[in-house]
Amino acid sequence: LAEANHKVPAVTLFRTVDAQGLVSHRESSGSSYTTQLIRIVAGALRAHPAMNSSWTDQGIFIPDQVNIAFAVDTDGGLLAPVIPQADTLDEPEIESLCGDLTAGALAGKLAADDCRGGTFTISNLGMYGVEHFTPLLNPPQCATLGIGAISPAPVCTGESIVAGIVCHLSLTFDHRIVDGAPAARFLDHICREIVGVTKS
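Read on for a plain summary of the structure.

How each quantity is defined
Residues numbered from 1 in each chain as written. Predicted model: local features only at pLDDT ≥ 70, side-chain atom pairs only at ≥ 80, totals over all residues. Heavy atoms only, no water. Helix = DSSP H or I, 4+ residues; strand = E, 2+ residues; numbered from the N terminus. Polar contact = N/O pair within 3.5 Å; in protein donor to acceptor, adjacent residues only side chain to side chain. Contact = heavy atoms within 4.5 Å. Pairing = 2+ DSSP bridges. Buried < 20%, exposed > 50% of the residue type's maximum accessible area, 1.4 Å probe, protein only. Core = buried A, V, L, I, M, F, W, Y, C linked by side-chain atoms within 4.5 Å. 1 Å grid on protein atoms, 1.4 Å probe; cavity = no way out; pocket = protein on both sides within 12 Å on 5 of 7 lines; lining within 4 Å. Points joined across faces, edges and corners; volume = space filled by probe spheres on them. Nonpolar A, V, L, I, M, F, W, Y, C, P; charged D, E, K, R; others polar. Axes fitted to C-alpha atoms, helices over the stretch in contact; angles between N-to-C directions. Parallel < 35°, antiparallel > 145°, perpendicular 65-115°, else oblique. Left-handed = near helix turned anticlockwise from the far one by under 90°. Phe/Tyr/Trp six-rings, centres within 6.5 Å; stacked < 30°, edge-to-face > 60°. Lys NZ or Arg CZ within 6 Å of the ring centre and 35° of its normal.

Turning our attention to the side chain of histidine 189. Structurally, histidine 189 is set in helix α5 (residues 180-199). Polar contacts involving the side chain of histidine 189 include one to the side chain of histidine 48, which spans 3.2 Å. Beyond its immediate sequence surroundings of up to four residues, histidine 189 is in contact with Ala44, Ala47 and His48.

Set out below in structure tokens:
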């Protein structure tokens, strides 16, 4: 991981987005923020397949599946179990898989296959109050999305400033695979979906 990240020309983009909908949905449905964001990111990856790709010796490879790895901090170090075909799952299915895989990681009972085949990674440090950070790439994947704190903040509504809740996002990507503009459009897609949750 360290060697690969030393060689890869990585760039990180940062966004802050209105997250009131994520908070309200969590309160009403019980779905974790990670689950909600896996669902949102899976749909965005299907719409922006280059962000779901990988770098190989033969060139850029775009898989036909969206398999999202998510980072889990364990006593034995960082693990990244994979939600296979995340774009085909509904939110309860993702929530159930996240729970089972997290429990397995914390208990040291994950199978090797549970951490294979990821095409994109999500890393969440928001629970520690971290806002923006620079998530490492998980080679050969194109990108990793860092989830920062969901916290109170002033939010502009029309010409008014009101008390709101925001989420901080950090997207690191391999500049050999995609340029800044396509990566920015992908991150904007995610932000618009998060705001859409607010309006639903």
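Having put the structure on the table, let's press on.
Once that is clear, we can look at the sheet that holds strand β10 (residues 160-174). Taken in spatial order, the six strands make up an open sheet running β1-β10-β9-β8-β4-β7, and their pairing is mixed. Across the chains shown, the open sheet's two edge strands, defined by having one partner strand only, are β1 (10-18) and β7 (82-83). Summarising the sheet, β1 and β10 pair through nine bridges and their orientation is antiparallel. Note that in β10 the partner of phenylalanine 14 across the bridge is serine 170.

Here the bond from proline 139 into proline 140 is cis, since omega is 5 degrees, no more than 30 degrees from zero. When you line up the elements, proline 140 lands in the loop between β8 (120-124) and β9 (143-157). Residue glutamine 85 is not a glycine yet carries a positive backbone phi of 50 degrees. The residue glutamine 85 is located in the loop between β7 and α4 (91-106) in this model. Overall, the relative accessible area of 35% leaves glutamine 85 in the partly exposed class.

Looking at the secondary structure, you find threonine 144 in strand β9. Only 3.0 Å separates the side chain of threonine 144 from the backbone oxygen of leucine 136, close enough to count as a polar contact. Setting aside its immediate chain neighbours within four residues, threonine 144 contacts Phe120, Thr121, Pro135, Leu136, Leu137, Asn138, Ser170, Leu171 and Thr172.

Formed by 43 residues in total, the largest nonpolar core has its most connected members in Met51, Leu145 and Leu169. Taken together, the elements giving at least two residues each to this core come down to α2 (20-29), α3 (33-47), β4 (68-70), α4, β8, β9, β10 and α5. At eight residues, α3 tops the list of elements feeding residues into this core.

Next up on the list: the pairing of β8. Along any regular strand the residues' side chains alternate between the sheet's two faces. Burial of β8 is extensive: five of the five residues sit out of reach of the surface. Of the two faces of β8, the one carrying Phe120, Ile122 and Asn124 and the one carrying Thr121 and Ser123 are both buried. Bridge count for β4 against β8 is three bridges, and the pairing is parallel. Residue alanine 69 lies in a different strand from β8, and its bridge partner there is threonine 121.

Of the pockets and cavities examined, the largest pocket occupies roughly 630 Å³. Residue lining of the largest pocket: 26 residues in total, with Thr34, Phe70, Ala71, Asn124 and Met127 positioned closest to the centre. Of the residues forming the lining of the largest pocket, the biggest block, five residues, is contributed by α4. Leu1, Leu78, Thr121, Leu136 and Asn138 are the residues nearest the centre of the second largest pocket, which is lined by 13 residues in total. Listed by contribution, the elements that provide at least two residues to the lining of the second largest pocket are β6 (77-79) and β8. Classifying every residue of the lining of the second largest pocket gives nine nonpolar, four polar and no charged.

What describes two packed helices is the angle between their axes and the distance between those same axes. Axis separation between α3 and α4 bottoms out at 9 Å; the angle between their running directions is 125 degrees. For the element pair α3 / α4, the angle class is oblique. Every pair of crossing elements has a handedness; the one defined by α3 and α4 is right-handed. Across the interface between the two elements, Thr35, Gln36, Ile38 and Arg39 from α3 touch Glu91, Ile94, Glu95 and Cys98 from α4.

This part covers the packing of aromatic side chains. In total, this model carries one aromatic pair according to the counting rule given. Taken together, a centroid distance of 5.8 Å and an interplanar angle of 65 degrees make the contact between phenylalanine 120 and phenylalanine 186 edge-to-face. Taken together, the positions of phenylalanine 120 in strand β8 and phenylalanine 186 in helix α5 put the pair 66 residues apart, joining distant regions of the chain. Overall, phenylalanine 120 belongs to the buried group, its relative accessible area being 0%. Residue phenylalanine 186 is classed as buried on the basis of its relative accessible area, which comes to 0%. Sitting over the ring of tyrosine 33, arginine 26 keeps its end group 4.5 Å from the ring centre.

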